[in-house]
Structure formats: C-alpha cells, structure tokens
Amino acid sequence: MSEENQFSYSYFAPTEEERRQIESIRGQYLGRTAAEAKLELMKKLDGRVHKWPAAAAITCGVLGLLIFGGGLALCLEGALAAHMAVGIVLSVVGFAVMLVAKPLHSRIQRALKSKYGDTILKLSAELLGGDGDEK
C-alpha cells in the first residue's frame, strides 16, 4: 500500500484533574447565577455568625492569660511583699478575664444569630425550593 491510502489521527482527552482545572477557569468567566450569589451570601453570613464570636473569645482568653501570667511572674519574683500583693491582684483579674471568654462568645453568637438568622433561613429556603416559613 502507498502512503496516500493510510489514515492517521490523534486523540487527546484531558485527565480528570485537567478537566476540573479547565472547568474552574471557565467558571470564572461565565458569571454567577442568582442561586450561586445567594449561596455565597449565605456562606458569608454564616461565617460571620461563627467567626466573630470565636475571634472575640480567643482574644479575651489570651488577654486574660497574659494578665494572669504577669501576675504569676510577680508572685514568683516575690522579693518584696508589694510585688506579691500586686501579683495576686493581677492573677485574679487575669483569671476573671479568662472566665468571661465563654459567656462573651455565647452572647455575641446569639446576637449575630438573631441579626442574620432570618436572612439565612430565607436564602436557604429559596435555594432548597421551600416556601421559607419553616422554623
């Protein structure tokens, strides 16, 4: 047979990982649908409800721990009775600040849930196709 009668072709299929990357890049240029925008807003609001209280509680706990540690250091130094007294007072204050962290977390989270809860429930009902009246 001559070379004129031969048929040649090449085939390329992207791997699963390449396909995901292609779809991800393609999605950046397609724009968002209304459902995707609602889902993104719902995730953002839910993140606020959980992250802000945690950040406030951690900050309060660390601050209390630092105050407590400073008081403990003064107590251990204890060369003067005044250092010991100030150290005890600082340790008690630091311990009190640490005790406030959990109630602070609960209070902030409760306030944010009441602020964003109705919006999150409405968005979730719209995304799930419900009427939004469930509670």
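Below, the structure is looked at part by part. (Residues numbered from 1 in each chain as written. Predicted model: local features only at pLDDT ≥ 70, side-chain atom pairs only at ≥ 80, totals over all residues. Heavy atoms only, no water.)

1. Focus: the side chain of serine 91
Item 1. Following the sequence through the fold, serine 91 ends up in helix α3 (residues 81–128).
Item 2. Serine 91 sits in the buried class, given a relative accessible area of 10%.
Item 3. Those residues in contact with serine 91 that sit more than four places away from it in its chain are Phe68, Gly71 and Leu72. (Helix = DSSP H or I, 4+ residues; strand = E, 2+ residues; numbered from the N terminus. Buried < 20%, exposed > 50% of the residue type's maximum accessible area, 1.4 Å probe, protein only. Contact = heavy atoms within 4.5 Å.)

2. Some points on the pattern of salt bridges
Item 1. Counted under the stated rule, the structure contains one salt bridge.
Item 2. Notably, a salt bridge pairs glutamate 126 with lysine 38, separated by 2.8 Å at the nearest N-O pair. Here glutamate 126, found in helix α3, pairs with lysine 38, found in helix α2 (residues 34–77); they are 88 residues apart in sequence, far enough to count as distant.
Item 3. For lysine 38, a relative accessible area of 30% gives the class partly exposed. (Salt bridge = Lys/Arg side-chain N within 4 Å of Asp/Glu carboxyl O.)

3. Comments concerning the packing of α2 against α3
Item 1. Orientation of α2 relative to α3, taken along the N-to-C sense of each, is 175°, at an axis distance of 6 Å. The angle between α2 and α3 places the two elements in the roughly antiparallel class.
Item 2. Classifying every residue of the contact of α2 with α3 gives 35 nonpolar, 12 polar and six charged. (Axes fitted to C-alpha atoms, helices over the stretch in contact; angles between N-to-C directions. Parallel < 35°, antiparallel > 145°, perpendicular 65-115°, else oblique. Nonpolar A, V, L, I, M, F, W, Y, C, P; charged D, E, K, R; others polar.)

4. Things to note about the nonpolar core
Item 1. If you look at the biggest cluster of nonpolar residues, it comprises seven residues: Met42, Leu45, Val49, Leu112, Tyr116, Ile120 and Leu123.
Item 2. Of all the secondary-structure elements, those providing two or more residues to this core are α2 and α3.
Item 3. Counting residues per element, this core draws most heavily on α3, which supplies four residues.
Item 4. Contact partners of leucine 123, with chain neighbours within four places excluded, come to Lys38, Leu41 and Met42. (Core = buried A, V, L, I, M, F, W, Y, C linked by side-chain atoms within 4.5 Å.)

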